[in-house]
Structures are given as structure tokens and as C-alpha cells.
Amino acid sequence: MSLFLAILTPFFGAPLVAWLALRGRPQAAWAAGGVTLLALVQLLPAFAAAFSGATTIERLDWIPTAGLDLAFRLDGLGLLFALLILGIGLLVILYAHYYLSAQDSLGRLYAYLLLFMGSMLGVVLSENLIQLLIFWELTSLSSFLLIAYWRRREAARRGARLALAITGAGGLAMLAGFLLLGEMVGSYELSVVLASGDVIRAHPLYVPTLVLILLGAFTKSAQFPFHFWLPHAMAAPTPVSAYLHSATMVKAGVFLLARLFPALSGTPEWTWLVGGVGVATLLVGAVIALFKHDLKGLLAYSTISHLGLVTALFGIGTPLAAVAGVFHIINHAIFKAGLFMAAGIIDHECGTRDMRRINGLWKYMPHTAVLAMVASAAMAGVPLFNGFLSKEMFFAEAHAAAADWRVGIFLPAAVTVAGIFAVAYSLRFIHDVFFNGEPIDLPKTPHEPPRWMKVPVEILVVLCLLVGMFPAQTVEPLLAVAAGAVLQGPLPEHDLAIWHGVSPALWMSVIALVGGVLLYLGRHPLYGLHDHLAGRLDARAIYEHGLRTIIDFARRILARLEAIGLQHQAAVLILAAFVLGSAGMLGAAAPLTGTRPLLPVDGVSLLAVLTLIGATLAVTVLHRRRLTALIIVGAVGLIVALAFIKFSAPDLALTQLSVEVVTIVLLLLALYFLPPETPAESSQSRRWRDGTLAVLAGGGAAALAWAVLTRPTSSFADWFLANSVTGGGGTNVVNVILVDFRGFDTFGEITVLAIAALGIFALLDNLHLPAPGRDAAGRPWDSDIHPLIMATFVRLLLPLALLVSAFIFLRGHNLPGGGFIAGLITAIALIMQYLANGVTWTHARLPAHTHPWIAAGLVIALLTGVASWLFGRPFLTSTFGHPSLPLIGELPLASAMAFDLGVYLVVVGATLLILINLGMAHSVSHEEDRAREGTWKP
Amino acid sequence: MEALIALSIGVLTGCGVYLVLRARTFPVVLGLTLLSYAVNLFLFATGRLVVGQPPVIGGGTYTDPLPQALVLTAIVIGFAMTAFVIMLALRARAELGNDHVDGER
């Protein structure tokens, strides 16, 4: 459980820290640090196991029927990444406390950072690929929140959207790749996938799978040509850039390359795709970085370049290259996080990041300058600093691979050129910022930052030096287990010494260093050339152009659709449904009429059906006289209820009857606010068109119903019938299905009912409608709006109606009835009070708002379901008994009855909420109107 | 008998479709009500027509209870939908000043 809990810790910590931040900034920082440490402590046993070469795997049932478990895994690679995430996370938390100004919400930043931390831990510690993908998308979402942290800034919002679109699209492609992978090996478990490399590589779908997964990895790790989102992500606060966009999240892509290395690598497709994209990214990033005048822009492109370097190493694909790749992941995370923090300090102290203005800071902040210079030297690959070691391994691998790749001198030449540019931009970072004359027109006078703001940078810089000088004593054990987990096999011979003798790699390093210095000296003409070319080929401009084209296209289609109006839209929809439906029916070879024996027709049924058809046609013909049409609709509903009685559905008949009453009352109330007549405005041709559609749709529906009704049925009805009494404790099978077997569905349905009622409540809020002063025939309304006889009788009837409703409710489990029907009867009884006695009278005696009833109903239904957990049973398992009470006798009691009570309350609450609120709008406008005419007698 | 029910479903659907295609909100709501009757009857009919065998244990033979359970909630949800649409129509009338389905013509 420790892995699962460690991943959950930051998720639970996030709201806690946000809440503590209200108390003060130090409390928030301590809490965020504490949460991170807690996660770290929980992982320690698994860390120890990983160092001894063991893989910790934990499993929890999630959706066992779909083959999905929550499965976690910590091996050497997971260990390395978990250490990076939590270790650098701690430093970033300390740093951010000093970085963020007083008016920015520190709690929000920490909460987002912790969300990211948990998501990223989930990515690197997942054993199940689908689960990994979910965490992967969560990192994209938390990155979105963090980039848009300063949400009032346009650049932040655009950068966040861009990053989310690119990485989110990549994640979707990766999901498709994972699904294919799962189909190939029959499992989403990493252990199985990693052991099935040969099966995967020999599979005909290998190439599409590879491309889809690589799309995910490349977009996340900002590989060319998807690299352009990363520089725009620099709109985030610098602690975020240091943490997500250099040390951890952008490493998720290369993490995946490393993770799936045994399963996917070793083919020409892998080598060319991964290696090619890696080298291209390495070059593009290094070249552009030199020309960025923005401090963070330089670092962003340098990050892209270094990610390309790691990708290229995995692309080369030899075991030694993979070791070098893992090593460079460690080194880059250390020096680049330090550099970003240093850049943040400079930005913080100078008020700008423009290197054309920031000069000569050596005099103002010598301590920070030393730290930045050490980290820059590591970035450039200067001996004795950690970057040198992995970079030289890279040079050696590139040189060795040149022969295999049949590209001759190209590969070593390309990586050397990238090395030259890396030296040049590192030199620029040092020389431009700390020397090169005096600062130009800075908003602030720079000075050293607070003491503790430098501590995280110092720790990282010391690590740069320690690893750079004593690699075998410091980083070797970690590198060995991590690389061993990547290769899933024995480690190749590797030597982390600083001096390897005179080798091609050494010469490449020398060329890079000397060439880099020369390039920097000749930089000014190049700046001019770059400014001349800049903007000609901007990946982001291409992306935005594509996006605009798609959006414009969608807008045009929508505008077309909207321009034709709802009537035409509905006509198109119905026609399409008819065409598709009849295409399906005509394509079938089976005859329309089935073999089921038909029921005989009796006179009463024939009369009822003829009445139904006549009434329905009358509604259509008379629909312009609205009140008449509405009354006839009520008749149609009653005949439908009769049909339910005839065909063995007493519960449905009861429901239909009561709903019918409520619906007609509702529509009558609504009709008061609408014109009494519909104007004759449809043209002759429109009526013909609609009539044709109506005949087609009706004919189709009748044919379909006929085909269904004449075929023998086979359903699992027998199971419900056999288990109703033994399993659900009730003899009314329909009710047992509703409250027990399919109780979860019913729970969803009453929730929908509650939401609809609340939506209606919102629609009626502040509704001012003109009320007609006279009825349809032009007569003034009757002055006796609450006739005495009706009011008296309705009051007398109330207890009786409530008694009936209680009776219907109680017997519902065994005989027709139940919560839905009882709820409707109660609602009707109460609505009758409003109708007969008026809102004022009734409000004095009943609660004005029924929201609490709805809430209580939902809570009772939910608690009934949850209660079964206490007995170790699944949600909504019901139990029942037949206790014997004095006087009443044996009482059938089922826990499902409590659930039915919830249903009852929601139905009563929702129905009353809808009708009372409309009735109140009604009564307000009615009284205003009477006051205007002067006939109102209070 | 099956033919009569199929015919009823057909007529309810046809008249419902015709009314749904009208230009004013109130006939559209009436049309939706007719369509709900048709849909509920059709769903119910998937359990086939059986006379005198309600699914209450004790009778010996029973009709299929499952479509009945589905239709029962469908009737209640249908009421909620009708209510929502008619309120939307009222709100539209208040905001736009007329009861045309496209707001104004």
C-alpha cells in the first residue's frame, strides 16, 4: 500500500496546504514541504528494495471484470524519477516561498504544485499502462493550471492553452498506442509488456503502435517539430519552469522511451524515428537558444536541445547509450533546475529578463554569479562538472554509432555542431549577464537575494560538482539500478571516469569548447542574420494558423445550421433518423411479421384504440386552439394508462395516471402566460412537407412496433421473477427491480429529476411575464378565484389523499405501488391545496421551499446504498425481514424501503418545486393585474 | 390486438412529429408529450402484449417486468423533461417577447 499512499499524499495535501495558506505564507511552505517529505518517507522501504535490485509491485482491484487493476511498480527507474520529483520538489517549494511576491497566492501555487507532484509520481510508479496514461493526462492538466498561474496575463493563458492542446493531443495518440500494445500482448501490465519485446516487434501493427506511442512521448518532451509549446510555457512563474518544464514533466516523454525501451527498441524504425527526431531536436534547440535575448527563452531552448540529446541516445539504442541517456537525465535535471532558479533570482532582482539590458551583475550579486557560472559550465559540458561526463558518453556513442547507421560523418558532425552551440549559449548566459559592461536601464537596482532563496541553488550546484568530480562514489549506485531497470537485463561495462585517454570523444569535446568560444566571439553578425530570418518559419504561427482554419470551418458549419432555424433542423434530424432506420430495416432479410401468435381483439379494446387514434388526430388538427388541444392530450394520456392496465402493468397505469394529472396542471399554468391561440403561419408547402415527414415517421414506428410485437420474446425476465422474493424480499417484481436489482439506475434517475427541478427553479428566477387581463374569450377573470366549496372539500380530502399515498407507498414492495407513485399522489394532494386555497393560505401552512425535501431524499437513498458497505456488501445490497408488530401483525420490511422513501421524497420535492414556483409567478402576475383593474379584494 | 397497438404507436409518433415541427413553443411541447406516449408504449411493447399476468408473484405466470421498470422511470423523467421545456418556453417568451421557436420571425 505504501506506493499508492505515497501517490495519494500530495493529492490530499494540496487542499490542506491551500487552506493553511490562509493562515500565512510560512505555514503553507512548511506544510507543502511536510507533505513532500511524508510522501518520501512512505517510499523509503521501496527505495531500499530497489537499491538491492528488487522491484516492488502493489495491486488493488479496480475494475477486475475489465482487466483493470490499480497497479504500482517501483524499480530502479521509478526510484530515480521519484527521487527527482520529490527532491527537486522540496527545493522548489523552498525557492517559491521567496520568489513569489506578496500579492500572489502562495497557497494556490503550492496546491497546483502538489497536484502535479502526485500526478507525476503516478506516471513513474504505474505498473498498468492505462493507469499511467491517466496520470500522464493529469500532469498535462496540472501543467496547464501552473502555466496559467498569472491568469490575468494574456501570454500565460495562451501558453497554457498551447501546452495543453499539444500534450493533450499527444496523450490521446499514446492512449491509442497503449490499446494496440495491450491487444498485442494481452495485458496492460508493464511486467508483461516488458517481457514481450519479441512478440511486439514481430507484430504487423508494430509500426503504427510505435508511432502513436512516440507521438505521446515527443509532444510531452517537446521534441521537434512539437517543441514550440515549451518556450511559451515559460510564462509560468520560474519555480514552475524549474520544476515542470526542465527537471520533471518534460522528462516524462524520455521516461516513457526508457520505460518501454526493452519492449519497443531494437528495430530500424525505432532507431530512425527516435534517433532522427532526437538529433533534429538537439540541433534546432541548440541553435535557437543562442539567439534568444530572454533569459528564460535561452534556457527553454537549451532544455529542448538537451531533451533531444537524451532522445537521440535512446534512439542509438545500444545498452551503453541507454546508460548514458539515464545519466544525462540526472545531470540535466540537476544543472537546469539550478540555472532556472538562478535566472529567477536575476529576474526577481532586476525586474527584467532581457539579456541586452542585464549586464555586469558580477558587481551586484557575486555569490549568485558563481552559482550560475558553475551550473552553466555543467550545461556547456566543461570537464569537472557533471554535464561533461554524460555529454562525453554521448559523443562516444554518436561516434561509435556512425558506422552502424551508415550515415558516416553526419552524426558525429551534427552532435559536435550542437556541442559548439551549447558552449556558445552557455557562455552567453555567463558573459552577457554577469560581465559585458554595465546594466542598461534596469527597473530595479540589483542586489543579492534573501539568504534562503539561494540555498536550493547551492545544493544543486554542489551536486553538479560532486557528480562531476567523484562520479563513481556519488551517482554510480543510483545510475546502475536505474539503467538496469531500463535495460531489464545486465548492465554493460561502463566507466564514469573523467579521463578516458585521447579518444574521438575527447577531440569532439575539445572542438565543441574551442568552437563554442569562437562562435560566441563572432556572435554579433549572426544576431543580425537571425533577426533577418526570424519570423519566416515559426512553428507556433503554423500551429495557430491551422487552429484558426479549423475553428473558422466549424464556425461556418454552425452558422449554416443555425441560419436554417430549429424547425428545419428538427426536420433534417427526423428525416435522417427515418432514412437510417428504414435502411436498416430494408437491408434485413427477415420478414416484417414474426411468428408469435396474436391476441384476439375485443370490443372494448377496439373502442379504446379508436378513441386514442381519434383524440390524437384531433390534437393535431385542433392544435392552434391550445386549451382544447391540451384537454384532448389529457384524454390521450388516460387511454395510454388504460392500455397499461389491460396489458398486465398496474404499476405503469398508476404512474401514468398520476403523472398525467401533474402534467396537465403544469401545462395549464404555463398556458396562462402564453398566447391562447397559435397563429396560422405555416405555408401550404410547409404543412405538406411536415405532414409527409409525420406519415413517414409514424409508418416507420408502427412497422417497427409490429415487427417487435409479433416476434417471440426471450429476455432474462425469469431471473428477476425467480429472485424477486428470495433476493429482494418483495413480490411486486417491478418495484423490486426499481429499488433493489437496478437500484443504482433508479438512484441516477432521481438525481436527474432533482437536477431538472433545480434547473426549472433557476429558469423561473426573476421571471416577469405579461399576464393577460382577460381569458381567451375576452371575459375578465372570475372575481371568486378560490371558490369556497372547492377550498373546503380539498382541505377535507387532504388527510385522505395522504393516507392513500402512505398506503400505496407501504404496499409497494409487494403489490402495485411504491415510492414513485406515492410521491406523485402526495404531490397532487398538496398541489390541490395551492390550486383551491391560493399560495398565501398554503404557504402559511406548508414549507415554502421543497429543496430540503429533495436533498433529504437523495441523502437517504445514498445512505441506504452506503450502509451495505458497512456489512461488507456492494453498494445498495438490500436486506429484508418480516417483524411482527402488536395490533398491525406481520410487517414486511426491506432495507430497500428506505431507498424507496428517498425516491418518494425526491419525487414529492421535485414536483412541488416545479409547480409551486410556476404557480407563484402566476399568482404574482394575476394579483398585479387585478390591482391594476381595481377589482382586487384582499 | 398487436396491430391496433402498433397502429396507435404509429399515429402517436406521426402526430407528435408533425406538432414538433410547428413554429410556436406550445404545440412543440404538445408534440413532445405525444412522442413520449409513443416511446413509452413502444418500450413497454418490447415486453410483448400479455393479458392478465401482472408481474406480482403469486399468480403462476407473469409478463416481463423489466420493460415495465424502465418505462416507469421513463414516465417520471418524461414529466421532468416536459416541465423543463415548457419553462424554457416561458423564459424565452419573457426574454424575447414572443413564443416562436427561433425567438423571432
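Scoring rules and cut-offs
Residues numbered from 1 in each chain as written. Chains lettered and ligands numbered in written order. Predicted model: local features only at pLDDT ≥ 70, side-chain atom pairs only at ≥ 80, totals over all residues. Heavy atoms only, no water. Helix = DSSP H or I, 4+ residues; strand = E, 2+ residues; numbered from the N terminus. Buried < 20%, exposed > 50% of the residue type's maximum accessible area, 1.4 Å probe, protein only. Contact = heavy atoms within 4.5 Å. Areas by Shrake-Rupley, 256 points an atom, 1.4 Å probe, with all protein chains shown as cover. Lys, Arg positive; Asp, Glu negative; His and termini not counted. Charge placed at Lys NZ, Arg CZ, Asp CG, Glu CD. Expected span 1.5 Å × (residues − 1). Phe/Tyr/Trp six-rings, centres within 6.5 Å; stacked < 30°, edge-to-face > 60°. Lys NZ or Arg CZ within 6 Å of the ring centre and 35° of its normal. Buried area = accessible area lost by both parts, 1.4 Å probe. Salt bridge = Lys/Arg side-chain N within 4 Å of Asp/Glu carboxyl O. Polar contact = N/O pair within 3.5 Å; in protein donor to acceptor, adjacent residues only side chain to side chain. Nonpolar A, V, L, I, M, F, W, Y, C, P; charged D, E, K, R; others polar. Core = buried A, V, L, I, M, F, W, Y, C linked by side-chain atoms within 4.5 Å. Axes fitted to C-alpha atoms, helices over the stretch in contact; angles between N-to-C directions. Parallel < 35°, antiparallel > 145°, perpendicular 65-115°, else oblique. Pairing = 2+ DSSP bridges. Left-handed = near helix turned anticlockwise from the far one by under 90°.

J.: Please set out the overall build of chain A residue by residue, giving values where relevant.
T.: Of the regular secondary structure elements, chain A holds 38 helices and six strands. Dimensions of chain A along its principal axes, counting C-alpha atoms only, are 110 × 70 × 65 Å. Counting the 938 residues in chain A, one finds 53% classified as buried. For chain A, the proportion of contacts with a sequence separation of at least 24, taken over those separated by at least 6, is 79%. Summed over its atoms, the accessible surface of chain A is roughly 39,500 Å², and 71% of this surface lies on carbon and sulfur atoms. Averaged over its 54 positive side-chain charges, chain A has a centre that lies 7 Å from the centre of its 52 negative ones.

J.: Help me get a handle on the overall build of chain B, residues and values and all.
T.: Helix and strand counts for chain B stand at three helices and zero strands. Each helix (α) and strand (β) of chain B, taken in turn from the N terminus, gives the series α-α-α. Counting only C-alpha atoms and orienting by the principal axes, one finds that chain B spans roughly 60 × 25 × 15 Å. Relative to its full complement of 105 residues, chain B shows a buried share of 69%. Of the roughly 3,100 Å² of accessible surface on chain B, 65% is carried by carbon and sulfur atoms.

J.: I'd like a description of the environment of Val207(A), backed by residues and values.
T.: Residues and elements named next belong to chain A. Within the secondary structure layout, Val 207 lies in helix 9 (residues 206-220). Owing to a relative accessible area of 37%, Val 207 belongs among the partly exposed residues under this scheme. For Val 207 and Leu 282, which are 75 residues apart along the polypeptide, the C-alpha to C-alpha distance reads 24 Å.

J.: Provide a residue-level description of helix 3 (residues 76-99) of chain A, including the pertinent values.
T.: When the terminal C-alpha atoms of helix 3 of chain A are compared, their 33 Å separation across 24 residues agrees well with the 34 Å that a helix rising 1.5 Å per residue should span. Burial runs high along helix 3 of chain A: 19 of the 24 residues are buried.

J.: Hey, could you go over the packing of aromatic side chains for me, with residue numbers and the actual values?
T.: Residue and element names in this part refer to chain A. By the definition in use, this model includes 18 aromatic pairs over all chains. Residues Phe 228 and Tyr 543 carry aromatic rings whose centres are separated by 5.5 Å and whose planes lie at 50° to one another, so their mutual orientation is tilted. Here Phe 228 is found in the loop between helix 9 and helix 10 (229-232), whereas its partner Tyr 543 is found in helix 25 (residues 539-563), with 315 residues between them in sequence. Considering the side-chain rings of Phe 716 and Phe 720, the 5.8 Å spacing of their centres and the 50° angle between planes classify their relative orientation as tilted. A relative accessible area of 54% means that Phe 716 is categorised as exposed. Here the aromatic residues Phe 716, Trp 719, Phe 720 and Phe 741 are joined through ring pairs into a cluster of three or more. Taking NZ or CZ as reference, Arg 523 lies 4.0 Å from the ring centre of Tyr 520, over its face.

J.: Would you mind going over the interface of chain B and chain A in detail, with residue names and values included?
T.: At the junction of the two partners, chain B supplies 75 residues and chain A supplies 108 residues. Between chain B and chain A lies a buried interface of about 8,500 Å² when both sides are counted; carbon and sulfur atoms form 78% of it. When the buried area of chain B at its contact with chain A is split by residue, Met1(B), Arg48(B) and Phe79(B) rank highest and sum to 9% of it. Across the contact surface, chain B and chain A share four salt bridges. The closest approach of N and O atoms between Glu2(B) and Arg596(A), which form a salt bridge, is 3.9 Å. Counting every contact that joins chain B to chain A gives 23 residue pairs in polar contact (both at pLDDT 80 or more). At 22 residues, the largest contribution of residues to the side of chain B that touches chain A is made by helix 3 (residues 65-96) of chain B. Its residues assigned to classes, the side of chain B that touches chain A shows 51 nonpolar, 14 polar and ten charged.

J.: Mind laying out the side chain of Arg428(A), listing which residues take part and the relevant values?
T.: Within the secondary structure, Arg428(A) sits in helix 19 (residues 410-434). Apart from residues lying up to four places away in sequence, Arg428(A) is in contact with Leu290(A), Phe291(A), Lys292(A), His293(A), Leu298(A), Met355(A), Val433(A), Tyr520(A) and Tyr527(A).

J.: Can you explain the nonpolar core? Please cite residues and give values.
T.: Residue and element names in this part refer to chain A. Counting residues in each nonpolar core, the largest one holds 201 residues, and the members touching the most others are Leu 43, Tyr 110, Phe 178, Trp 229, Leu 264 and Phe 314. The leading source of residues in this core is helix 16 (residues 319-350), at 20 residues. In this structure, Tyr 110 is in contact with Val 17, Ala 28, Ala 29, Ala 32, Ile 93, Ala 96 and His 97, ignoring residues within four places of it in sequence.

J.: Go over the packing of helix 1 (residues 2-20) of chain A against helix 4 (residues 106-124) of chain A with me, naming the residues and quoting the values.
T.: Residue and element names in this part refer to chain A. Axis separation between helix 1 and helix 4 bottoms out at 8 Å; the angle between their running directions is 170°. As judged from the angle between their axes, helix 1 and helix 4 are roughly antiparallel. The residues of helix 4 that touch helix 1, namely those facing Ala 6, Ile 7, Pro 10, Phe 11, Gly 13, Ala 14, Val 17 and Ala 18, are Gly 107, Tyr 110, Ala 111, Leu 114, Leu 115, Met 117, Gly 118, Ser 119, Leu 121 and Gly 122. The class makeup of the residues in the contact of helix 1 with helix 4 is 13 nonpolar, five polar and no charged.

J.: Let's hear about helix 4 of chain A: which residues, and what values?
T.: Each full turn of the α-helix corresponds to 3.6 residues, which orients residues three or four apart in the same direction. The end-to-end C-alpha distance of helix 4 of chain A, which contains 19 residues, comes to 27 Å, matching closely the 27 Å that a straight helix rising 1.5 Å per residue would cover. Counting buried positions along helix 4 of chain A gives 17 out of 19 residues, so the element sits mostly inside the fold.

J.: Any chance you could break down the pairing of strand 2 (residues 68-74) of chain A for me, citing the residues and the numbers?
T.: Residues and elements named next belong to chain A. Counting buried positions over the seven residues of strand 2 gives seven, a clear majority of the element. Residues Leu 68, Leu 70, Phe 72 and Leu 74 of strand 2 are buried on one face, and the alternating residues Asp 69, Ala 71 and Arg 73, pointing to the opposite face, are buried as well. Where strand 1 (residues 56-63) and strand 2 come together, seven bridges link them in antiparallel fashion. Each residue of the ladder has a partner; that of Ile 63, found in strand 2, is Leu 68.

J.: Please give an account of the side chain of Thr219(A) that cites residues and values.
T.: Residue and element names in this part refer to chain A. With respect to the secondary-structure elements, Thr 219 resides in helix 9. The buried category is assigned to Thr 219, whose relative accessible area is 3%. Ignoring any residue separated from it by four or fewer positions in sequence, one finds Thr 219 in contact with Ile 166, Thr 167, Gly 170, Phe 226 and Trp 229.

J.: Describe the packing of helix 33 (residues 743-764) of chain A against helix 37 (residues 851-870) of chain A, naming the residues involved and giving the relevant values.
T.: Residue and element names in this part refer to chain A. The contact between helix 33 and helix 37 brings their axes to 11 Å, and the two run at 165°. Between helix 33 and helix 37, the angle is such that the two are roughly antiparallel. Note on packing geometry: the crossing formed by helix 33 with helix 37 is left-handed. Only His 851, Ile 854, Leu 858, Ala 861 and Leu 862 of helix 37 make contact with helix 33, whose side of the interface consists of Phe 747, Ile 750, Thr 751, Ala 754, Ala 757, Leu 758 and Phe 761. Class assignment of the residues belonging to the contact of helix 33 with helix 37 gives a composition of ten nonpolar, two polar and no charged.

J.: Talk me through the pattern of salt bridges; I want residue IDs and the actual numbers.
T.: All names here are of chain A. Applying the stated criterion across every chain yields a total of 24 salt bridges over all chains. The partner of Glu 127 in a salt bridge is Arg 73, and the shortest N-O contact between them spans 3.0 Å. Here the residue Glu 127 occupies a position in the loop between helix 4 and helix 5 (129-147), and Arg 73 occupies one in strand 2, the gap between them amounting to 54 residues. The pair Glu 127 / Arg 73 is uniform in exposure class, with both members buried.

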